[in-house]
Amino acid sequence: MKILVALKPTYDINQLKFDSEGVPLLETCPITLGEADKCALEEALRIKESNKAIVIAVTVGESQSHIKGIRDALAMGADEGYLIKMKNAWNISSIAVAKAIASFAQLTGPYDVIFTGAGAGDTHSSIIGPMISALLDFRLIAGADQVEVSENMVKATCKMEDGTYYYESDLPVVITVTSEANEPRIPTLKAIIRSKSMPIKEVDPSVLSLSVEEFKDLKVLKHSIERKRIILEASDQKSAEESVEKIITFLKSEGVI
Amino acid sequence: MRTKLLAYSEDRSWAAQIKSLSDSIKAEASIFLPKKEIAEKVSGLYEEIYYSDLENFDPLAYISAFFEVAKLLSPEVAVFPCTGKGRILAGLFSAKNSKSVATDVYNVQSKENNLIAKRLVYGGKAEVDLELKIPATICLLHGSYVEAKANVESRFNKVIKPNASCRVIFTPKKVEGMEPDKAEVVVVAGRGVKTKNDLRMIMELAELLKGAWSVTRPLAVDEGWAESWIGISGLMVSPKLYIGIGVSGQPHHMMGARSSKIVVAINKDRNAPIFDECDYGIVGDLYVVLPEMIKKLKNMKQK
Ligand SMILES: Cc1cc2nc3c(=O)[nH]c(=O)nc-3n(C[C@H](O)[C@H](O)[C@H](O)COP(=O)(O)OP(=O)(O)OC[C@H]3O[C@@H](n4cnc5c(N)ncnc54)[C@H](O)[C@@H]3O)c2cc1C
Ligand SMILES: Nc1ncnc2c1ncn2[C@@H]1O[C@H](COP(=O)(O)O)[C@@H](O)[C@H]1O
């Protein structure tokens, strides 16, 4: 069985700061592989252990963070790691990323399963996986919290807004995995050292026959919502009573209670 | 010629919000809904209503039915709700057309022959203006547009049910009380709430305010105290009143509550990020403040 895992290094947006003009300070924001992406890789590695599979990790982008992301995937246990060298990877459109991964899969496949995260850690659009499925005509399991892959079938449970869906599907399939699916393994020191000597293969996007529109005017700015920010203190019982009294009056005059 | 827009929805509220978006860019809107029962509920909102008799959510079957309608109408704009399912379908649809999707969109304007969509990124901390070349696919955030009123004569058109792509078994979620994405008041417990038993207070407050209760992701996922949570990876809500109790207000959570009319926070840490985006806040121990609030509301009710 051959498995592809698409991984995206993502900004830790809890730590994202902005300058006085509202421009995000991305250079100083820490970057790691998305949580869900690591869970996707973990699922692939579990299949490899129980079913014999070869696991390929790929990322679209060429920055140091992308290289580090693939290096981490190799340390976790991926057999091969690839970098699709697209400039400005943070700003290209979702279809460009999906097409790059899909054509890479055609070039290096055939694959039985393609895993992605259910949502990227920073932008969280949750659409790259479905796009790859559409581009390659693969089946799709999206948002899996539990996955079980055998020779010719996948069983998965996906929690969605209205309840839980249990799916059984044929292969080949794209599976997007949530960060609730498992506890991704932490590589051993030995594995980390071993991964350092493994090659990270580079793919020139020109071999992927891409021709896609890109979003123009990608100017990211701080989004501020107008809120009243009336903050009251409740350091003891008495101030708590007073503050609650005031809040209730405010909410009544807002007409929301 | 007017822009043609095709919407996807599974309920009336979404259908009415997308209709408003459509009116605001003066588009000619049609809609597809997976089932007849739901289609009937949007009567009067759209002139052309398409429906099928699809069963449990099978993404590939759902999108092929939507495609049938798209082939018929050749819409310039396709709009899906920014829900788990809506995102999946938007991705499938746009990739078949080799186009991008603008997700997390809260405003759309037309500009010459194209569209400008305002999109939230980084958990809603930042925004981007996207110039979308037509044909475009959009995932709309809940609460971005007010619901349109029913004012047209609807024609109903049936789409033949496509083949299933997989086997699906569906278990609807259990809701204790009201559903957060349909309620006007949502009370949310965060990790500041220490035990499952203490959730009773949250539920009691929700009940007094005739609203729903929910939690942040760690309480649902790590503690298992609830089946769903509010946030970008859970439910997106836009009630009149959101009250976060012991919630720190990290972006992934707040993204799900951003379009609430009024945001109230109770947290003992003055530096919690939720205080930067609330209307009213109380800095204090929830175990002191909450009982007080419940007591006062009960008294009010009795009077
Ligand atoms: C890709 C991704 C997607 C995510 N999606 C979601 C999502 O959809 N929804 C979601 O909720 N999270 C989501 N998260 C997690 C999110 O980043 C936060 O970790 C989470 O929202 C924090 O939950 P919390 O506020 O309950 O806990 P904490 O951040 O631990 O905050 C607890 C708060 O309680 C306060 N507190 C403690 N004791 C008391 C007391 N006695 N009285 C008053 N206040 C008290 C503390 O001061 C603190 O501010 C996501 C994360 C990622 C990476
Ligand atoms: N630049 C990228 N390179 C490789 N995989 C990606 C990239 N962007 C997104 N993905 C994959 O697609 C998933 C969903 O991303 P998104 O649709 O942006 O939320 C991520 O969790 C990754 O697995």
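Structure first, text after, so check above.
Not measured: the values here are computed from a predicted model.

Chemist: What is the right way to read the overall build of chain B from this model?
Modeler: A count of helices and strands for chain B gives eight helices and 15 strands. Whereas a compact globule of 303 residues would reach a radius of gyration of roughly 19 Å, chain B reaches 21 Å, a difference of no more than 12%. C-alpha atoms of chain B, sized along the principal axes, occupy 60 × 40 × 40 Å. Out of the 303 residues belonging to chain B, those deemed buried represent 61%. Put simply, 62% of the contacts in chain B that link residues at least 6 apart link residues at least 24 apart. Accessible surface computed for chain B: about 12,400 Å², of which carbon and sulfur atoms make up 49%.

Chemist: What am I meant to see in the site of ligand 1 here?
Modeler: In the neighbourhood of ligand 1, 29 residues make up the surrounding shell, with B:Arg191, B:Thr216, B:Ile230, B:Ser248 and B:Asn267 lying closest. Surrounding ligand 1 are residues belonging to chains A and B, so the site spans chains. One of the backbone nitrogen or oxygen atoms of B:Gly192 is found 3.4 Å away from an oxygen atom of ligand 1. The separation between an oxygen atom of ligand 1 and a polar side-chain atom of B:His253 is 2.9 Å. In the complex, the protein chains occlude 85% of the 990 Å² of accessible area that ligand 1 would expose alone. In terms of residue class, the shell around ligand 1 is built from seven nonpolar, 15 polar and seven charged.

Chemist: Would you explain the interface of chain A and chain B in this entry?
Modeler: How big an interface is tends to be stated in terms of accessible area lost as the parts join. Counting residues at the interface gives 75 residues for chain A, matched by 85 residues for chain B. Of the roughly 7,200 Å² buried where chain A meets chain B, counting both sides, 59% is carbon and sulfur surface. Where chain A touches chain B, the interface holds seven salt bridges. Between A:Glu245 and B:Lys296 there is a salt bridge, with its nearest N and O atoms 3.6 Å apart. Counting every contact that joins chain A to chain B gives 45 residue pairs in polar contact (both at pLDDT 80 or more). Taken together, the elements giving at least two residues each to the side of chain A that touches chain B come down to α3 (94-108), α4 (128-136), β7 (139-149), β8 (153-160), β9 (163-170), β12 (220-222), β13 (230-234) and α6 (237-254) of chain A. Per element, the largest residue contribution to the side of chain A that touches chain B is twelve residues, and it comes from α6(A). Residues that form the side of chain A that touches chain B fall into these classes: 35 nonpolar, 17 polar and 23 charged. Pairing geometry for β9(A) and strand β10 (residues 167-172) of chain B, over six bridges, is antiparallel. When the bridges of β10(B) are listed, A:Glu168 appears paired with B:Arg167.

Definitions and cut-offs
- Residues numbered from 1 in each chain as written.
- Chains lettered and ligands numbered in written order.
- Predicted model: local features only at pLDDT ≥ 70, side-chain atom pairs only at ≥ 80, totals over all residues.
- Heavy atoms only, no water.
- Helix = DSSP H or I, 4+ residues; strand = E, 2+ residues; numbered from the N terminus.
- Rg over C-alpha atoms; globule rule 2.2 N^0.38 Å.
- Buried < 20%, exposed > 50% of the residue type's maximum accessible area, 1.4 Å probe, protein only.
- Contact = heavy atoms within 4.5 Å.
- Areas by Shrake-Rupley, 256 points an atom, 1.4 Å probe, with all protein chains shown as cover.
- Near = heavy atom within 4 Å.
- Polar contact = N/O pair within 3.5 Å; in protein donor to acceptor, adjacent residues only side chain to side chain.
- Nonpolar A, V, L, I, M, F, W, Y, C, P; charged D, E, K, R; others polar.
- Buried area = accessible area lost by both parts, 1.4 Å probe.
- Salt bridge = Lys/Arg side-chain N within 4 Å of Asp/Glu carboxyl O.
- Pairing = 2+ DSSP bridges.

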